[in-house]
Amino acid sequence: MLLMSLFSWWYGGGVKKELAYLLEAMSRSIDYFSIGLLFKTWFAPFRQIDAGQSAIAPVDIKIRMFFDRLVSRFIGAFMRTIVIIIGILSLSVQLVGSVLAVAVYLLLPFLPVIGVVMYIVGWVPSWAF
Amino acid sequence: MGVLSFNYGSERAAKARFAAKLDKFARMLLGLTAVALVLAGLGLLYLGSALGWVAVGLAAVPVVLLVWYRRELHRLDVDHPDSDAIDELISSSVLGRLPRDPSPKDIALAVGQVQSGQFLAVRFGMGARFLQEIAADSHEHADEVWKNAINIRNALGVQVISGGILALAILQTLPQHEELLARLQLDMDDLMDGVKWFDHIYMMIETMKKPMHTGGIARDWSFGFTPLLNRFGRNLSLSLSAGRRMSADIPTHEQVVSQVIDTFSTGGRQGVALVGAAGVGKTTIVQALAERLLDASSKVPSNLKFRQVFLLDSAAIISAAPGRGEVEELVNQVLIEAYSAKNVILCLDNAHLFFEEGIGSVDLSNLLLPILEAGNVRMILTMDEQRLLEIGQRNPGLVNALNRINVQPADQAETMAAMEDAVIVLESQHKVYYMYQALKEAYRLSQRYIYDLAMPGQAIKLLEMAASHADDKFVTAESVEKAIEQTTGVKVGVASVGDEKEKLLNLEDLIHQRMINQVRAVEVVSDALRRARTGVRNQDRPIGTFLFLGPTGVGKTELAKALAEVYFNGEDNIVRVDLNQFVSIDDVANLTADGADNPASLTAQVMKHPFSVVLLDEIEKAHPNVLTALLQVLDEGVLRDAKNREVSFKDCIVIATSNAGADRIREYIDRGYDITQFEDQFVNELIDSHQFKPEFLNRFDEIVLFRPLGKEELTQVADLIIAGVNKTLASQKVKVEVDPEAKALLVEAGYDPRLGARPMRRVVQRVVENQVAKMMLAGEAASGSVIVVTKENVERNLSKTNS
């Protein structure tokens, strides 16, 4: 009975839990890289240098601040682009990893049988490089 | 609900038993086996043996079992909450430990082995052995346990029947369980609260295990740098990024957090004043706000999401800017930084430090007012009502620029919940365990004895104090009582120690060692104390309130002193107020003055000595308004001081003395009346002659008349005074003995029916003490000698003093 219970959970509630874990891990990565936020603020000044002091400043200072902010926007865009790229790559890798994890999860209870089959087949990998 | 059944062979029960077998050691073994098989398999494959595949494949078996255990077996869900089968409802940890046909004793054994059962054992003192002893051994009684468990589960509104619920169910099978619990200072509601407490901790740990989504690495990139704020403030949000707070918010706090969010999310004034007494949890509310804003999953308006809360440190600012005007300049820069950063909420904790000049504080009203009025920077100011009123008096505009949110003290249920969370931290700090009874006692006693704080801080402070009185690492109700007794001197527990019991039973004899006669007065005072120390008295009034009436020198004040010495740990614990100094209407203020202004005020003294004899001497001389102010003391045992703090007199014996009608008492006695015969009539005469108002006299528990002392009693007084002289001389090993004839002479000389025992003391002083002093100076009384005072000595000394 226990074996039946194990299999019915493994391919029922167990799969749901496995997917939930993987989705939670994805969600954590998405939060970590905050790609949505990066897109929204792609060209915003980086760390708001001199923000909020332009209203009553003389023209020369305003011009200087404008260029400061322009530089800040470039730095911000550069940084964000880098993180967006790294984030997308990481998430893609994680997604592939998750799909593989699901596959391994589904196969795991049959690994002893597969092992026996492979033993009968008799193939062993060649370790010579 | 139909007939309940326990199916040992059900799938859930089988799973639970299997899970019970997979204990820590078995799981570790499985893990090691999996690793060993994988390594062995890879090794064999490396060596060219296909048997390696079998080893690698077999490694999946322990892995599968471990995954199954972690994700399902360790805590089986209840899939059929309406089932009649009890095995579908019991927590898997207990279910896995039950035999085929369990008796209540078997259930108790299983409960004692699981965390929820052990939790009850620790928190309530109901150990596994206790449960097994009270549980029946017959299998038929199991049905009753199941039925009780279902009822408790329904009452608690939970799905799973935990070990804690089963412990309660077993207890309920005992017909005398209420009496049994009463002995542990508990009732069923407390135990049900304990079950909820365990579930709450479990849920909190589960929540804390889940990482909080806090916006990621780019969260703050669009906002400004905050080097000054980092230096002169504490970023609450940053500390929360490391992990959630180990506490759940009480409903009052959640409500206030929502109010703050509403205020900040709308336009208009962006300053919030959190107003509440110290201890209500204003800083905790700010932390809860910081957590809610930082949690991506919480429902917060987008313009507030991920905003960071900085707690500004006034001391750091003042120490960094010692020069005149430098503080203003520095705070101005900090404010500009907060404004520029765009994601900062500034919190001025104890905001009065920023609005008044003093040590550790600075008045920045002029700087902060325009910012608060403009609403450019979101700010939270925390302070108490009094401080807000003071600030408002000096600068009304400042208060108008703030959105005021009141923080009310927590009620009993909320305070208990807050304490249940707080003990988790306190236990790890002090390495002790808090019992539930300690929490209940802390709530009850802190209300009464911890001043200047509100709930829940009031109760938590007492819990912290009690940690140092832990008994064998357990903080019990007695530990809490000891903490109060040590800090306030009040005896809060019920008299149980042998010495104290003896003292209480023989109180009259002990008092009479320094009091002559006045039997009734001594008796009523002793009775009041006995009632107090056995918990029989009304807790919302003073221990006793007495009016002593009688001529001067008959022992009214002496009785108060004797009582303080015998029971209140010495004459120091007498709070004496001479009401002849309170004759004008303005003197009422002196009665309730703040201790800082007038340490001799009645409220200040009682605050310092809450367990004492309060002696209100010569009450007839006080202004009527003073007596009116004292009505509340006599009635409810409280008096509010100048700062509106409630000072408790509930652990005091209040004794008022008066000479009013002394001549009438003497007259009655001379006419041969016994005191009890004319007591009522005498009190009526006092009311008729307008010396006291009936509502004032009516407030006393007892009005006791003191009779004038006769010559026989005065002889006993002389003995007491001579005993006092001998006590003083004991250190010099000199003893005084007075001949009976000499004593009679002393009494004759010291007797004055109008002045009572006082002339007697003066005579002894003149005759006996003078003689001893002279003999000692002349070298006639060496150590170990006995000075005998004879009739002749007395006559000689008296004639000298008379001449």
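Residues numbered from 1 in each chain as written. Chains lettered and ligands numbered in written order. Predicted model: local features only at pLDDT ≥ 70, side-chain atom pairs only at ≥ 80, totals over all residues. Heavy atoms only, no water.

Q: Whenever I open this one, the overall build of chain A confuses me. Can you help?
A: On a plain count of helices and strands, chain A comes out with five helices and zero strands. Walking chain A from its N terminus toward its C terminus, one meets helices and strands in the order α-α-α-α-α. In terms of overall dimensions, chain A is more spread out than a globule: its C-alpha atoms have a radius of gyration of 26 Å, far above the 14 Å expected for 129 residues. In terms of its C-alpha atoms, chain A occupies a principal-axis envelope of roughly 85 × 45 × 15 Å. Classification of the 129 residues of chain A by burial places 29% in the buried group. (Helix = DSSP H or I, 4+ residues; strand = E, 2+ residues; numbered from the N terminus. Rg over C-alpha atoms; globule rule 2.2 N^0.38 Å. Buried < 20%, exposed > 50% of the residue type's maximum accessible area, 1.4 Å probe, protein only.)

Q: I would appreciate a short explanation of the confidence of the model for chain A in the present structure.
A: Note: predicted coordinates in regions of low pLDDT should not be interpreted at a detailed level. In this model, chain A carries a mean pLDDT of 88, and residues with pLDDT of at least 70 account for 91%. Helix α3 (residues 35-40) of chain A is the least confidently modelled element of chain A, averaging 89 in pLDDT, while helix α5 (residues 111-121) of chain A averages 95, the highest of any element. (pLDDT = per-residue confidence, 0-100.)

Q: In this structure, what is going on with the sheet that holds strand β2 (residues 271-275) of chain B? I would like to understand it.
A: Consider a sheet: its strands pair through backbone hydrogen bonds, and that pairing is either parallel or antiparallel. All names here are of chain B. The strand order across the open sheet built from six strands is β1-β3-β4-β7-β2-β8, with neighbouring strands paired in mixed fashion. Sheet topology places β1 (233-235) and β8 (403-406) at the edges, where each strand pairs with a single neighbour. The mean inter-strand angle of the sheet, taken between neighbouring strand axes irrespective of direction, is 25°. Two elements, strand β3 (residues 308-312) and strand β4 (residues 344-348), share four bridges in a ladder whose sense is parallel. Of the residues in β4, the one forming a bridge with F310 is L346. Packed onto the sheet, helix α14 (residues 251-265) meets β2, β4, β7 (378-383) and β8 and runs at close to 170° relative to β8. Contacts from helix α18 (residues 365-374) reach β2, β4 and β7 within the one sheet, and its direction differs from that of β7 by about 125°. (Pairing = 2+ DSSP bridges. Axes fitted to C-alpha atoms, helices over the stretch in contact; angles between N-to-C directions. Contact = heavy atoms within 4.5 Å.)

Q: How should I be thinking about the interface of chain A and chain B in this particular structure?
A: Interface size is commonly expressed as the accessible area that is lost once the parts come together. Counting from both sides, the interface comprises 44 residues of chain A and, opposite them, 43 residues of chain B. Both faces combined, the contact of chain A with chain B buries some 3,800 Å², and carbon together with sulfur accounts for 70% of it. Run the count over chain A and chain B and you get one salt bridge. The shortest N-O distance in the salt bridge between R71 of chain B and E18 of chain A comes to 2.3 Å. Inspection of the chain A/chain B interface yields eleven residue pairs in polar contact (both at pLDDT 80 or more). Contributions of two or more residues to the side of chain A that touches chain B are made by α1 (2-10), α2 (13-33), α3, α4 (59-107) and α5 of chain A. By residue number, the principal contributor to the side of chain A that touches chain B is α2 of chain A, which donates eight residues. Looking at the side of chain A that touches chain B residue by residue, the class counts come to 27 nonpolar, ten polar and seven charged. (Buried area = accessible area lost by both parts, 1.4 Å probe. Salt bridge = Lys/Arg side-chain N within 4 Å of Asp/Glu carboxyl O. Polar contact = N/O pair within 3.5 Å; in protein donor to acceptor, adjacent residues only side chain to side chain. Nonpolar A, V, L, I, M, F, W, Y, C, P; charged D, E, K, R; others polar.)

Q: What is the right way to read the layout of surface pockets from this model?
A: A probe matching the size of a water molecule, rolled over the atoms, marks out where space remains unfilled. Its boundaries defined by the atoms lining it, the second largest pocket holds a volume of some 2,000 Å³. Along the wall of the second largest pocket there are 46 residues; nearest its centre are R70, H74, R75, Y202 and E206 of chain B. Sorting the residues of the lining of the second largest pocket by element identifies α2 of chain A together with α1 (11-21), α2 (24-46), α3 (51-71), α4 (92-95), α6 (115-124) and α11 (188-209) of chain B as the ones contributing at least two each. A total of seven residues in the lining of the second largest pocket trace back to one element, the largest contributor, which is α11 of chain B. Taken together, the residues of the lining of the second largest pocket break down into 19 nonpolar, eleven polar and 16 charged. (1 Å grid on protein atoms, 1.4 Å probe; cavity = no way out; pocket = protein on both sides within 12 Å on 5 of 7 lines; lining within 4 Å. Points joined across faces, edges and corners; volume = space filled by probe spheres on them.)

Q: What is the right way to look at empty space enclosed by the protein in this model?
A: All names here are of chain B. Counted by the stated rule, this structure contains one cavity of 30 Å³ or more. Volume-wise, the largest cavity comes out at about 40 Å³. Forming the boundary of the largest cavity are L312, V331, L335, L346, L348, F354, L364, L368 and M379. For the lining of the largest cavity, the secondary structure elements donating two or more residues are α17 (326-341) and β4. Taken together, the residues of the lining of the largest cavity sort by class into nine nonpolar, no polar and no charged.

Q: Help me out: how do you make sense of the packing of aromatic side chains in this one?
A: Given two aromatic rings, one states the distance between the centres and the angle between the planes to describe the pair. Enumeration according to the criterion identifies 23 aromatic pairs over all chains in this entry. Seen from their ring centres, W9 of chain A and W10 of chain A are 6.0 Å apart, and the 70° between their planes marks the pair as edge-to-face. Residues F696 of chain B and F700 of chain B carry aromatic rings whose centres are separated by 5.3 Å and whose planes lie at 90° to one another, so their mutual orientation is edge-to-face. We classify F696 of chain B as buried; its relative accessible area is 3%. Overall, the relative accessible area of 7% leaves F700 of chain B in the buried class. Grouping aromatic residues by their ring pairs yields a cluster made of F119, F124, W197, F198 and Y436 of chain B. It is R17 of chain B that lies over the ring of Y8 of chain B; its NZ or CZ is 3.7 Å from the centre. The ring of Y339 of chain B has K342 of chain B sitting right over it, with the charged end atom 4.2 Å from the ring centre. (Phe/Tyr/Trp six-rings, centres within 6.5 Å; stacked < 30°, edge-to-face > 60°. Lys NZ or Arg CZ within 6 Å of the ring centre and 35° of its normal.)

Q: Would you mind showing me how to read α2 of chain A here?
A: Since the α-helix advances by 3.6 residues per turn, residues separated by three or four positions end up pointing in the same direction. With 21 residues, α2 of chain A extends 30 Å between its outermost C-alpha atoms, agreeing within 8% with the 30 Å of an ideal straight helix rising 1.5 Å per residue. Each element contacted by the buried residues of α2 of chain A is listed here: α1, α3 and α4 of chain A together with α3 of chain B. (Expected span 1.5 Å × (residues − 1).)

Q: Hey, could you run me through the sheet that holds strand β11 (residues 544-549) of chain B in this one?
A: All names here are of chain B. Read across the open sheet, the five strands follow the order β12-β13-β16-β11-β17; overall the sheet is parallel. Sheet topology places β12 (574-578) and β17 (702-705) at the edges, where each strand pairs with a single neighbour. Taken pair by pair, the neighbouring strands of this sheet meet at an average axis angle of 20°, ignoring direction. Taken together, the four bridges between strand β13 (residues 613-617) and strand β16 (residues 653-658) define a ladder with parallel strand orientation. Directly across from V613, in β16, lies its bridge partner I653.

Q: Before we go on, may I ask you to explain the nonpolar core in this structure?
A: One broad rule of soluble globular proteins: the nonpolar side chains tend to lie buried together. Ranked by internal contacts, the top residues of the largest apolar core, which has 129 residues, are W146 and L166 of chain B. Excluding residues that lie within four positions of it along the chain, W146 of chain B makes contacts with L4, F6, I86, I90, L98, P102, I107 and L166 of chain B. (Core = buried A, V, L, I, M, F, W, Y, C linked by side-chain atoms within 4.5 Å.)

Q: Got a minute to help me understand a negative patch on the surface in this structure?
A: On the surface, E178, E179, D187 and D189 of chain B cluster together to form a negatively charged patch. A relative accessible area of 30% places D187 of chain B in the partly exposed class. (Patch = residues over 30% accessible without salt bridge, like charges linked within 9 Å, V, L, I, M, F, W, Y side chains within 5 Å. Areas by Shrake-Rupley, 256 points an atom, 1.4 Å probe, with all protein chains shown as cover. Lys, Arg positive; Asp, Glu negative; His and termini not counted. Charge placed at Lys NZ, Arg CZ, Asp CG, Glu CD.)

Q: Would you mind going over helix α28 (residues 556-566) of chain B with me for this structure?
A: Of all eleven residues in α28 of chain B, eight are buried; the element is thus mostly enclosed. Of the positions making up α28 of chain B, those classed as buried are K556, T557, L559, A560, A562, L563, A564 and V566 of chain B.

Q: When you look at the environment of S612 of chain B in this model, what are you seeing that I'm missing?
A: Residues and elements named next belong to chain B. With respect to the element layout, S612 can be found in the loop between α30 (602-608) and β13. In the structure, S612 is positioned 188 residues away from I424 in sequence and 36 Å away in space, judged by C-alpha atoms. Discounting residues that sit within four places of it in the chain, S612 has contacts with F568, N573, V575, D651, C652 and I653. Polar side-chain contacts of S612 include one of 2.8 Å to the backbone oxygen of H609.

Q: Please clarify how the confidence of the model for chain B should be interpreted in this entry.
A: Residues of chain B with pLDDT of at least 70 account for 97%, and the chain-wide mean is 87. Here the complex is predicted with pTM 0.79, and the ipTM for its interfaces comes to 0.87.

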